[in-house]
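Fold and geometry: a report
Below, each chain spelled out in residue letters.
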Amino acid sequence: MRAVQIADFGGPGVLSVVELPDPVPGPGQVAIDVSHAAVGLVDVFMRQGVFGDLPGMPRPPFVPGLEVAGTVRALGEGVTGLGVGEPVVSMSATGVGGYASVYVADAALVASTRRFGIDPAVAVAVVPNAAMAHVALTRVAHLSEGESVLVQGALGGFSAAFPGIARRLGAGRVVGTVRHGKLDAAAVTRLPYDTIVDSADLPGALGDEKFDVVIDPVGGDLRTRSLALLRPGGRLVVAGNAGGDWTHQVDTNQLWLTGATVAGFNAGAYLPAHPQVVRPALEAALEAVAEGLGDMVIDVLPFAAAVTAHERMERREVDGRIVLVPGA
């Protein structure tokens, strides 16, 4: 198979296209002929070695990639409900292996897109993140109908999945924030936000408005300001660290005085412990995407441009998602 491999921890230049043996599905697994593989910020962190010393995390050489779309190539023993050639989208339980022309996934993490008619580039760019947004909002934030949601980094790959899912769950108001340089892109986005404001102007840009739920995949000082934007009893979901501040801390006395909750959400940690949430989350995500609630900018590049894709991710030059295709 054709794959993009990380030869060593380091800059984007450690990525290269290689030929590797085709993987074979084991019991309970599905082999997928990959047509599209999504590029995420977590791939950048893994390439840089941010998580390299954590137990169970991959070490070079390895193939990065969490999300793929394509068609079923082969079924492992015991897998039912899917057929060879069926269009599917999948997310990874291990966080690796996606940048390849053949990918093996646990059947529980694979969903057919056939009855929804979703383009595979859209499926891989939106469905897995939308499924995780569904889990975060229902199981971690416990969003109730009519509540308000603020999404930091509103156009980012993960953040962009939240407004559509929040709408389907009955949110009364959904607001986003972006860096100043993203305001032009925010002005023309079709994502279902009520408004998007400059994160540098918080809290002033929102007047006295407070929120029941804040989704923060950015971190750092913006996370501190997120706490100040919660209503009493509000919930802040820590869903990433795109800003790269690994030393940020939360004042727990502030949580006590306001009755606020801070909860972390990491799919790699949460899903293995709660596998029963995956199937309903994927179904909700497919329905939301089919309704057009995940309409974002998607750039499609070949595997050979993986270095360029990671360079753009590091420079924050992406207004939606980058998707890789195995072609030369």
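Above this text you will find the structure in question.
Residues numbered from 1 in each chain as written. Predicted model: local features only at pLDDT ≥ 70, side-chain atom pairs only at ≥ 80, totals over all residues. Heavy atoms only, no water.

**Concerning the overall build of the protein**
Scanning the protein from terminus to terminus reveals 9 helices and 15 strands. Computed over its C-alpha atoms, the radius of gyration of the protein comes to 19 Å, within 12% of the 20 Å expected for a compact globule of 328 residues. Based on the C-alpha atoms only, the size of the protein along its principal axes is roughly 55 × 40 × 40 Å. Every one of the 328 residues in the protein was classed for burial, and the buried ones make up 53%. Within the protein, contacts between residues separated by at least 24 positions form 72% of all contacts whose residues are at least 6 apart in sequence. Working note: accessible area of the protein is about 13500 Å², and carbon and sulfur atoms make up 53% of it. Looking at charge distribution, the protein has the averaged site of its 23 positive side-chain charges lying 1 Å from that of its 33 negative ones. (Helix = DSSP H or I, 4+ residues; strand = E, 2+ residues; numbered from the N terminus. Rg over C-alpha atoms; globule rule 2.2 N^0.38 Å. Buried < 20%, exposed > 50% of the residue type's maximum accessible area, 1.4 Å probe, protein only. Contact = heavy atoms within 4.5 Å. Areas by Shrake-Rupley, 256 points an atom, 1.4 Å probe, with all protein chains shown as cover. Lys, Arg positive; Asp, Glu negative; His and termini not counted. Charge placed at Lys NZ, Arg CZ, Asp CG, Glu CD.)

**Digging into the nonpolar core**
Generally speaking, soluble globular proteins have nonpolar side chains that are buried together. The biggest cluster of nonpolar side chains holds 60 residues, and the ones touching the most others in it are Leu137, Ile215 and Phe265. The greatest single-element share of this core, amounting to 13 residues, is contributed by helix 2 (residues 120-140). Residues contacting Leu137, with those up to four places away along its chain left out, are His142, Leu143, Phe162, Ile165, Ala166, Leu169, Val213 and Ile215. By size, the runner-up hydrophobic cluster in this structure holds 40 residues, among which are Met1, Val4, Ala306 and Val318. (Core = buried A, V, L, I, M, F, W, Y, C linked by side-chain atoms within 4.5 Å.)

**Some points on the packing of helix 1 (residues 41-48) against helix 9 (residues 306-314)**
The N-to-C vectors of helix 1 and helix 9 enclose an angle of 100°; their axes lie 10 Å apart at closest approach. The pairing of helix 1 with helix 9 is recorded here as roughly perpendicular in orientation. Along the contact surface, helix 1 presents Leu41, Asp43, Val44, Arg47 and Gln48, while helix 9 presents His310, Met313 and Glu314. (Axes fitted to C-alpha atoms, helices over the stretch in contact; angles between N-to-C directions. Parallel < 35°, antiparallel > 145°, perpendicular 65-115°, else oblique.)

**Details of the sheet that holds strand 10 (residues 195-198)**
Spatially, 10-9-8-11-12-13 is the arrangement adopted by the 6 strands of the open sheet, whose pairing is parallel. Edge positions in the open sheet fall to strand 10 and strand 13 (261-264), since each of these has one partner strand only. Pairwise comparison of adjacent strand axes, ignoring direction, gives a mean angle of 20° for this sheet. Relative to strand 9 (residues 173-178), strand 8 (residues 148-151) runs parallel, the two being bridged by 4 bridges. From the neighbouring strand, Val151 faces strand 9, where its bridge partner is Gly176. Of the strands in this sheet, strand 11 (211-216), strand 12 (230-238) and strand 13 touch helix 5 (residues 221-228), which is tilted by about 150° from strand 12. (Pairing = 2+ DSSP bridges.)

**Re the pairing of strand 11**
For strand 11, a buried count of 6 out of 6 residues is recorded, marking the element as mostly surrounded by other parts of the structure. Relative to strand 11, strand 8 is paired through 3 bridges, and the arrangement is parallel. When the bridges of strand 11 are listed, Val151 appears paired with Ile215. Bridge count for strand 11 against strand 12 is 5 bridges, and the pairing is parallel. Residue Asp216 lies in a different strand from strand 12, and its bridge partner there is Val238. On the question of chirality, the crossover connecting strand 11 to the parallel strand 12 by way of helix 5 is right-handed. (Right-handed = clockwise from strand over helix to strand, strands pointing away.)

**With respect to the pattern of salt bridges**
The final tally for this structure, using the stated rule, is 17 salt bridges. For the salt bridge of Glu314 with Arg47, the shortest nitrogen-to-oxygen distance reads 2.1 Å. Of this pair, Glu314 sits in helix 9 while Arg47 is found in helix 1, placing the two residues 267 residues apart along the sequence. Notably, a salt bridge pairs Arg312 with Asp299, separated by 2.7 Å at the nearest N-O pair. Separated by 13 residues along the polypeptide, Arg312 in helix 9 and Asp299 in strand 14 (residues 298-302) bring together distant segments of the chain. Taken together, the salt bridges that share partners define one network made up of Asp22, Asp33 and Arg73. (Salt bridge = Lys/Arg side-chain N within 4 Å of Asp/Glu carboxyl O.)

**Looking at helix 8 (residues 278-290)**
Here helix 8 contains 13 residues, and its C-alpha end-to-end distance of 18 Å stays within 8% of the 18 Å for a straight helix at 1.5 Å per residue. Along helix 8, the residues classified as buried are Val278, Ala281, Leu282, Ala284, Ala285, Leu286, Ala288 and Val289. Buried residues in helix 8 make contact with strand 5 (87-91), strand 7 (110-112), helix 2, helix 3 (162-168) and helix 7 (267-273). Once helix 8 ends, the next one or two residues include Gly292, with phi positive near 85°. (Expected span 1.5 Å × (residues − 1).)

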